[in-house]
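If you want the building blocks of each chain, they are given just below.
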Amino acid sequence: MAEPSTKTSTEPAFRPYVAPGVVMPEFTTRAVALGAILGVIFGAVSVYLALKAGLTVSASIPVAVLSVSIFKWLGKSTILENNMVQTVGSAGESIAAGVAFTLPALIFLGFQLDYWNVFLLALAGGLLGALFVVPLRPPLVVKEHGNLLFPEGKACADVLISGEERGIQAGKVFAGAGLGLVYKFLMGETGGLSFWKAQPEWHPRWYPGSTLAGEITPEYLGVGYIIGPRVAGTMFAGGVISWLVLIPVIKFFGAHIPEPIYPGTVPISQMSPLDVWRAYIRYIGAGAVTMAGLITLARTLPTIVSSFRAAFKQLTQSKRGELATAERTARDLPLSAVLIGTAIMIVVVWALLAFHINPGAHGNVVSSILIVIFGFFFATVSARIVGLIGSSSNPVSGMTIATLMFTCLIFVVVGWTGNVYSSIALSVGGVICIAAACAGATVQSLKTGYLVGGTPSRQEIGFLVGVLTSVLVVGVTLKLLNKSATRVNRVTIANVEVTPDMKPQGLINYEGQEFQVLSVIGSRTVPDGRYYYNPTNREIDYQEVQGIGSLDYPAPQATLMSVVINGILNRRLPWSLVLFGAFIVVTLEGSCSASLRPPRKSPRRAAARSSAPG
């Protein structure tokens, strides 16, 4: 007997909270302004969180809560105005995630953070991600209603509807902020009472090379509460594997080897656990994350194919004049606006590469084409995935790594392996990462609007406004955080011969003496970093430790991006370590799949049950 269909012809059509025929204030000046302000605030906070913890959380729900509360204090507002606030405000978090996950890798590749580079790449990625989603809204949000959950979008709609009917008290939000301030003051990380350490650690003598540590800061405690015990437990397991298994094993087998083992530059016996992590473990992590991203993409391949079919079908079936006759809740931006906006952003990226990042070199046109192809592909993937698991769990890092690997392999095939091409590859990956993050946030907001009865075209314009305002401060936040934690340490490395792995970056006067600044990447004699070199006695006297990449702001995703790019383009990637991490993921994936599969029944037991009486 066939199973009954989940949707029958007698099932009533979906009705949003605000009927399509109802007209009320929506795209108002105060709603857009409040959304832009909250987007800027949450964008700056998300940059800090992404650099510190390597993750961000969706901002749409807290923005919606604050919007309802603030407008209640200021006077009456409509549910569609509050929906517009969360749409505009959610752009800040997605822009921040895409930027902080990728563009700090410029530092690790030997370049300086340039505000205008960050601004233009973030602008292009944010606008492309929002525009690419416009033709995907009908197939994903409308036709897949009931199949795709969009957890944050539905939760945000519940918040808005609850606020409209019963009102919302934002006391818990402000109480949480106050508790965090008190906790940080008592902890005394940068002042205060110093009752306990922010990062306590212990190195047991009976287990050489191991480290037991934690970072018990309020931001990590808050993130752990948000993501829940399952995801937090997975992150904790990764720390156990790295600091209690792999590093002690490397120290055990390498302690008696007198020569350095590449990519290390000193013998393992002279390395601290942190040095081992920097030299070897991060490559293992790069392989693990890459394999996990590829597995995720492989699992969503049927979804990707179906989404592309639906999107292209909608593109071919659209006709002129259709927008004007559609209901208010079915009006999207015209496809002509999407195509024109996409073309403008591609020209902007090409101009940035051709005249600023990569003047006079090849690859600028090819990179722009790759951005279009990968951008629309991963915007579709991201939009579909957030419907299944939500924006906070959107694997944009895996998508970006796949983009970087494919782009770098293309560059290697055609012979574009100079140092400048690493910045071009990162620019492509950065735009794609930002586009994928914004695509997920856009479609999640459009789902909220679909449930409450918002106008899609106005929401799409609102998200574009949020992108335009958020990109103004994300680059500034990035540079300020990096500058605040940058330190210059005294080191002594004698008899240094400047090689192609040491990129000169001008002169600097420090402590009354003039030095040549060297950016070292991939050297077999000097660890990667930025150094002050005295050419008179051929000695390195100081190391400038950038804030981003230090213990203050480790930026794990950006570190990973630089490892992938530098390793492939310079053909020095330690593939054994990368494959080690990849097969760890394959092993864990296989064991998890086996544990989740229901046990198979024994044929003998099944036969005994079938022959048993009663």
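Residues numbered from 1 in each chain as written. Predicted model: local features only at pLDDT ≥ 70, side-chain atom pairs only at ≥ 80, totals over all residues. Heavy atoms only, no water.

This next bit is on the overall build of the protein chain. Broken down by element type, the protein chain carries 20 helices and seven strands. Buried residues in the protein chain amount to 50% of all 614 residues. Relative to all contacts within the protein chain whose residues are 6 or more apart in sequence, the contacts with residues 24 or more apart total 76%. Of the roughly 29,600 Å² that the protein chain leaves accessible, carbon and sulfur atoms contribute 65%. (Helix = DSSP H or I, 4+ residues; strand = E, 2+ residues; numbered from the N terminus. Buried < 20%, exposed > 50% of the residue type's maximum accessible area, 1.4 Å probe, protein only. Contact = heavy atoms within 4.5 Å. Areas by Shrake-Rupley, 256 points an atom, 1.4 Å probe, with all protein chains shown as cover.)

Among the secondary structure elements, Ser 523 is positioned in the loop between strand E5 (513-520) and strand E6 (529-534). Overall, the relative accessible area of 4% leaves Ser 523 in the buried class. Measuring from C-alpha to C-alpha, the distance between Ser 523 and Thr 265 comes to 8.0 Å, with 258 residues separating the pair along the chain.

Of all residues in the protein chain, 86% attain a pLDDT of 70 or more, and the chain-wide mean is 83. Per-element averaging of pLDDT across the protein chain places helix H20 (residues 603-611) at the bottom with 41 and helix H17 (residues 456-485) at the top with 94. A low-confidence stretch, residues 1-10 stays under pLDDT 50, and its non-local contacts, those more than four residues away or across chains, total three contacts. Across residues 602-614, confidence stays below pLDDT 50; counting only partners more than four residues off in sequence or on other chains, it has zero contacts. (pLDDT = per-residue confidence, 0-100.)

Taken as a whole, this structure holds six salt bridges when the rule is applied. Between Lys 154 and Asp 158 there is a salt bridge, and its shortest N-O distance comes to 3.4 Å. Note that Lys 154 and Asp 158 are positioned in helix H7 (residues 151-165) at a spacing of four residues, about one turn of the helix. Classification of Asp 158 as partly exposed rests on a relative accessible area of 41%. In this structure, Glu 497 and Arg 538 form a salt bridge, with 2.7 Å as the shortest nitrogen-oxygen distance. Residue Glu 497 is found in the loop between strand E3 (487-493) and strand E4 (502-510), and its partner Arg 538 is found in the loop between E6 and strand E7 (539-545); the two are separated by 41 residues along the sequence. Classification of Glu 497 as exposed rests on a relative accessible area of 52%. (Salt bridge = Lys/Arg side-chain N within 4 Å of Asp/Glu carboxyl O.)

Attention shifts here to helix H14 (residues 364-389). Residues three or four positions apart in an α-helix share a direction because the helix packs 3.6 residues into each turn. Here H14 contains 26 residues, and its C-alpha end-to-end distance of 35 Å stays within 8% of the 38 Å for a straight helix at 1.5 Å per residue. Positive backbone phi, at 95°, marks Gly 390, one or two positions downstream of H14. (Expected span 1.5 Å × (residues − 1).)

Attention shifts here to the side chain of Thr 265. Relative to the helices and strands, Thr 265 resides in the loop between helix H9 (218-254) and helix H10 (273-299). Overall, the relative accessible area of 16% leaves Thr 265 in the buried class.

Burial within E7 is extensive, with six of its seven residues counted as buried. Sheet topology places E3 next to E7; five bridges connect them, and they run antiparallel. Bridge pairing in E7 links Val 488 to Glu 544. Strand direction decides the pairing type here: E6 and E7, joined by five bridges, are antiparallel. In the strand pairing of E7, Tyr 532 is matched with Tyr 542. A loop of four residues connects E6 with E7, the two strands running antiparallel in sequence, and Arg 538 in this loop sits at a positive phi of about 50°. (Pairing = 2+ DSSP bridges.)

Before going further, it helps to spend a moment on helix H2 (residues 60-74). Its 15 residues place the ends of H2 21 Å apart at the C-alpha level, agreeing with the 21 Å of an ideal helix rising 1.5 Å per residue. Ser 60, Val 63, Ala 64, Val 65, Leu 66, Ser 67, Val 68, Ser 69 and Phe 71 are the residues of H2 that are buried. Gly 75 lies just past H2 and shows a positive phi near 140°.

Our next topic: the packing of helix H1 (residues 29-53) against H17. As a packed pair, H1 and H17 sit with axes 9 Å apart at the nearest point and diverge in direction by 35°. For the pair H1 and H17, the sense of crossing is right-handed. Residues Val 32, Ala 36, Gly 39, Val 40, Ala 44, Val 47, Tyr 48 and Leu 51 of H1 form the contact with H17, whose own contacting residues are Val 465, Thr 469, Ser 470, Val 473, Val 474, Thr 477, Leu 478 and Leu 481. In the contact of H1 with H17, the residues fall into twelve nonpolar, four polar and no charged. (Axes fitted to C-alpha atoms, helices over the stretch in contact; angles between N-to-C directions. Left-handed = near helix turned anticlockwise from the far one by under 90°. Nonpolar A, V, L, I, M, F, W, Y, C, P; charged D, E, K, R; others polar.)

With that out of the way, let us pick up the side chain of Thr 400. Its location among the elements puts Thr 400 in helix H15 (residues 396-414). Exposure remark for Thr 400: the relative accessible area of 1% places this residue in the buried category. Reaching out from Thr 400, the side chain makes a polar contact with the backbone oxygen of Val 396 at a distance of 2.7 Å. Those residues in contact with Thr 400, other than ones at most four positions away along the chain, are Thr 102, Gly 429, Cys 433 and Met 561. (Polar contact = N/O pair within 3.5 Å; in protein donor to acceptor, adjacent residues only side chain to side chain.)

What follows covers the packing of aromatic side chains. Evaluated as defined, the whole model comprises 22 aromatic pairs. Summarising the aromatic geometry, the rings of Phe 374 and Phe 378 are spaced 6.3 Å apart at their centres and angled 15° between planes, so their arrangement reads as stacked. Residue Phe 374 and its partner Phe 378 are located together in helix H14, separated by four residues, close to a single helical turn. Grouping residues by exposure puts Phe 374 and Phe 378 together as buried. Ring geometry for Tyr 510 and Tyr 542: centres 4.9 Å apart, planes at 75°, overall edge-to-face. In this pair, Tyr 510 is assigned in strand E4 and Tyr 542 in strand E7, connecting sequence segments 32 residues apart. Aromatic rings pair up to connect Phe 374, Phe 377, Phe 378 and Phe 406 into one cluster. The ring of Phe 71 carries the charged tip of Arg 30 above its face, separated from the ring centre by 4.6 Å. Sitting over the face of the ring of Tyr 553, Lys 52 holds its NZ or CZ atom 5.8 Å from the ring centroid. (Phe/Tyr/Trp six-rings, centres within 6.5 Å; stacked < 30°, edge-to-face > 60°. Lys NZ or Arg CZ within 6 Å of the ring centre and 35° of its normal.)

What follows deals with the pairing of E5. When E4 meets E5, the two strands line up antiparallel, connected through seven bridges. The residue bridging Met 502 from the neighbouring strand is Val 520, located in E5. By the bridge criterion, five bridges tie E5 to E6 in an arrangement that is antiparallel. The residue bridging Gln 516 from the neighbouring strand is Tyr 533, located in E6.

A few words now on unusual backbone geometry. Note that the residue after Tyr 262, namely Pro 263, is joined by a cis bond; omega there is 10°. In this fold, Pro 263 is placed in the loop between H9 and H10. Positioned with a positive phi, Glu 511 is a non-glycine residue whose angle comes to about 55°. By the secondary structure assignment, Glu 511 is in the loop between E4 and E5.

Across soluble globular proteins, nonpolar side chains show a tendency to be buried alongside one another. Core analysis: the largest hydrophobic core is formed by 127 residues, its most contacted members being Leu 51, Ile 95, Val 99, Tyr 280, Ile 371, Leu 478 and Ile 565. With 19 residues, the top contributor of residues to this core is helix H16 (residues 420-452). Those residues in contact with Ile 565 that sit more than four places away from it in its chain are Leu 109, Leu 404, Cys 408, Ser 422, Ala 425 and Leu 426. Within the second largest apolar cluster, twelve residues are counted, among which are Ala 59, Met 84, Val 85 and Val 88. (Core = buried A, V, L, I, M, F, W, Y, C linked by side-chain atoms within 4.5 Å.)

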